[in-house]
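This is what each chain is made of:
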There are 2 protein chains.
Amino acid sequence: MKIETEKMTEASPASECDAKTKKENASELRQDLITGDWVVIATGRAKRPDDFGKKERKKEIVDPEVCIFCDPVRSGQEPDVLIYERASGDWTLRVFPNKFPAFSRGKVPCQISEGPYFAMTGTGYHEVIVTRDHDRHVALMEPIEIAEIFDAFQDRYLSLMNKKNVRFISMFHNLGSEVGGSVVHPHSQLMAIPVISPYLQLELDGAERYYRSNRKCVYCVMAEYELEHQTRVVFENSEFVAFCPFASRSAFEVWVMPKKHQPYFEHITDEGKLALGEAFQKVMHSIFIALNDPPYNFYIHTSPCDGKDYPHYHWHIEILPHTSIWSGFELETGVEISTIQPEVAAEFLRSKLYQ
Amino acid sequence: MKIETEKMTEASPASECDAKTKKENASELRQDLITGDWVVIATGRAKRPDDFGKKERKKEIVDPEVCIFCDPVRSGQEPDVLIYERASGDWTLRVFPNKFPAFSRGKVPCQISEGPYFAMTGTGYHEVIVTRDHDRHVALMEPIEIAEIFDAFQDRYLSLMNKKNVRFISMFHNLGSEVGGSVVHPHSQLMAIPVISPYLQLELDGAERYYRSNRKCVYCVMAEYELEHQTRVVFENSEFVAFCPFASRSAFEVWVMPKKHQPYFEHITDEGKLALGEAFQKVMHSIFIALNDPPYNFYIHTSPCDGKDYPHYHWHIEILPHTSIWSGFELETGVEISTIQPEVAAEFLRSKLYQ
């Protein structure tokens, strides 16, 4: 997160380090190419890849009869803002405002500053995207159903991006109470808010800085390198590449990225959504098998909608299976410790790909 | 985390916002005065203060007979680097290298870069600070025992800060398996590493920026304002103030800060440690009562030891009781959602202070 992507000049060049020295050091500090942040790959504390899935996701059982998302009308949810139906009239996906929003629909935000501090009312939009089936979460869906979720994200994004005071839209999904999934029924969420995500801002700044130095998109450089070497690639099709990032923040982290440069998720085409549905299904299913149905979060990182252009950003999805707990070190420093090399994680995920 | 501490110019000034508009908006966006980051205080999702302690910390029972920290010699830990004993010869606190270090003692870090990416071996020091009693964690200790922990942190800091390739020392404590406390026996940790914490860097940059604009230390400004208004203050004595920060990242977060400007924790005096022991004990015990013995992390934020001066930084301790789980929104954006106002949290903690 250092602004100058400062490299450790004190470190000896690779040529002077013999294999023994490297081997004696059971951990690696890897630098995020985009933000300059650091992660630790502590292989001295390593587990085997199949040890990561030994702790099962808490399976909270909620009877579909009383599930608030199986029949949102009966359970008194807010009216739908979008609904997808089959020809038969059955709904497959619906979107409605969150009944307990973290951001409330409001007019202009009010300043509520105090002394040296600045604050404002939390105005915005907070919506829920619910798929029909109570049990079938994303890893178990068909590619076409996943494509429909991304279609809904895109539809709502396009509707909300030009609203007054919306500068950024967060699109994310939590599965499992361990990672904030408070309702068992599979659902995604969307928050349209008046400030830009600080983490996204670090990526925007990093992409801009890299472009100024190298005249290339840093994400394109990563995708090209990963595709050429394949060691961290989990899956690819004509439009997308899925890989475990070199500086993974957590074990088995996967990014799904368009191969062609594209700053704006909302510009995705229908063909793009189908290709994304395929890639996403492959990856999520391999995580499901490899880690024994783990809790997970995923989210879309895309350019803000604050009226500015972001030609050097490159949208992508980050998938974070939950296999470990942050301690005081991570909370203090922002330096995550992972106990598996991304190369080993990718190889294990590839071996679990559903053919 | 925006570098320009940008305020929402679109927000209406306080004078134009009537009480009704404010009330209708159940949430607030508060900006961190130091970093420019945002947090959400979603009071529409609020619980009563005493609801936060309803979920008890997992109490893993480990027989002191088999506890690896009750008798570190018997359990084959590394040899002590520091030990505190009573006149009777009984030890009260000891420090030894972590047997499974995240950073390994090594010579010069080796570059292990690959293609466009940069990495190096994770050399450094990773030590454990263990107090004698198997059950009595920090909230239950006497002030003098807590002062001893900070004395040990200081002692080890002074020993490690000038080691080659140590630029930053992380000092932290995890209690509870929910927050990364993998050993039940109370212990703190210290990691001396070759890179500066990205989160600390944000604070260093923010403090520098604030000083350039205002010719004042931003932490001194905060302490002064909090002491004058008292609404967020939990406890104060002659040398320290403990308060819930205006832009708390989590419910019941507390910072303990020297009242006088001081960039370097390692300069703390013996009197300072006694005053810190008192303040820390009061705060930790009120958290223990208010939240029903919750899991928690705390850590010391102090200037790096990279040979540069940091005259505008101000060391402090951040205490994060664990009462909620980060979801995809927090992981994506770095914007934390808290469901209690820091003012209400502080009032509740004050009401639970052990007199």
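Keep in mind it's a predicted model, so treat the numbers as computed, not measured.

Analysis parameters
Residues numbered from 1 in each chain as written. Chains lettered and ligands numbered in written order. Predicted model: local features only at pLDDT ≥ 70, side-chain atom pairs only at ≥ 80, totals over all residues. Helix = DSSP H or I, 4+ residues; strand = E, 2+ residues; numbered from the N terminus. Least-squares fit on C-alpha atoms with pLDDT ≥ 70 in both. Contact = placed C-beta atoms within 7 Å. Pairing = 2+ DSSP bridges. Axes fitted to C-alpha atoms, helices over the stretch in contact; angles between N-to-C directions. Domains from an automatic or database assignment. Nonpolar A, V, L, I, M, F, W, Y, C, P; charged D, E, K, R; others polar. Buried ≥ 20, exposed ≤ 12 C-beta atoms within 10 Å, placed from the backbone.

A. Fine view of unusual backbone geometry. Phi angles above zero are rare outside glycine, and Asn 165 of chain A is one such case at about 70 degrees. When you line up the elements, Asn 165 of chain A lands in the loop between helix H2 (143–160) and strand S7 (168–175).

B. Representation of the relation of the copies chain B and chain A. Its rotation angle being 180 degrees, the transformation that places chain B on chain A also includes 0.0 Å of axial translation and leaves an RMSD of 0.0 Å. The two molecules are tied by a two-fold rotation axis, judged by turn and shift. Take the interface residues of chain B: 100% of them recur as interface residues in chain A, which is what a same-surface contact looks like.

C. Region of the structure containing the sheet that holds strand S5 (residues 118–121) of chain A. Pairing in this open sheet of four strands is mixed, and the strands run S5(A)-S1(B)-S2(B)-S14(B) from one edge to the other. Strands at the two margins of the open sheet, each flanked by one partner only, are S5 of chain A together with strand S14 (336–338) of chain B. The average undirected angle you get between the axes of adjacent strands in this sheet is 25 degrees. As judged from the three bridges shared by strand S2 (residues 38–42) of chain B and S14 of chain B, these two strands associate in the parallel manner. Bridge pairing in S14 of chain B places Ile 41 of chain B opposite Ser 338 of chain B.

D. Spotlight on the domain arrangement of chain A. Residue and element names in this part refer to chain A. One can read the domain layout of chain A as domain 1 (82–193) and domain 2 (197–351). In this structure, domain 1 and domain 2 have C-alpha centres spaced 21 Å apart. At the level of elements, H2 and S7 are the ones that each hand at least two residues to the side of domain 1 that touches domain 2. In terms of residue count, H2 provides more of the side of domain 1 that touches domain 2 than any other element does, ten residues in total. Looking at the side of domain 1 that touches domain 2 residue by residue, the class counts come to 19 nonpolar, five polar and three charged.

E. Summary view of the environment of Tyr 310 of chain A. Residue and element names in this part refer to chain A. In this fold, Tyr 310 is placed in the loop between strand S12 (296–301) and strand S13 (316–321). Of the residues examined, Tyr 310 has 18 C-beta atoms within 10 Å and is grouped as partly exposed. In contact with Tyr 310, not counting residues within four places along its chain, are Leu 204, Pro 263 and Ser 303.

F. Highlighting the pairing of strand S11 (residues 254–258) of chain B. All names here are of chain B. With five of five residues buried, S11 lies mostly within the body of the structure. Side-chain alternation along S11 places Val 254, Val 256 and Pro 258 on one buried face and Trp 255 and Met 257 on a second face that is also buried. Strand direction decides the pairing type here: strand S10 (residues 240–243) and S11, joined by four bridges, are antiparallel. Bridge pairing links Phe 243 to Trp 255 in S11. Where S11 and strand S13 (residues 316–321) come together, three bridges link them in antiparallel fashion. Across the sheet, residue Val 256 finds its bridge partner in S13, namely Ile 317.

G. Representation of the sheet that holds S13 of chain A within the structure. All names here are of chain A. Within the open sheet, the ten strands sit side by side as S3-S4-S6-S8-S7-S12-S13-S11-S10-S9. Their pairing is antiparallel. Edge positions in the open sheet fall to strand S3 (82–85) and strand S9 (233–236), since each of these has one partner strand only. Neighbour to neighbour, the strand axes of the sheet diverge by 15 degrees on average, direction disregarded. The strands that helix H4 (residues 218–229) touches are S9, strand S10 (240–243), strand S11 (254–258) and S13; relative to S10, the one it contacts most, it runs at about 75 degrees.

H. Structural detail: the interface of chain B and chain A. The interface is formed by 85 residues belonging to chain B together with 85 residues belonging to chain A. In terms of residue class, the side of chain B that touches chain A is built from 48 nonpolar, 26 polar and eleven charged. In the sheet, S5 of chain A pairs with strand S1 (residues 27–31) of chain B via four bridges, with the strands oriented antiparallel. If you follow Phe 118 of chain A over to S1 of chain B, its bridge partner there is Gln 31 of chain B.

I. View of the environment of Phe 150 of chain A. By the secondary structure assignment, Phe 150 of chain A is in helix H2. Taking the C-alpha atoms as reference points, Phe 150 of chain A and Ile 325 of chain A, 175 residues apart in sequence, are found 29 Å from one another.

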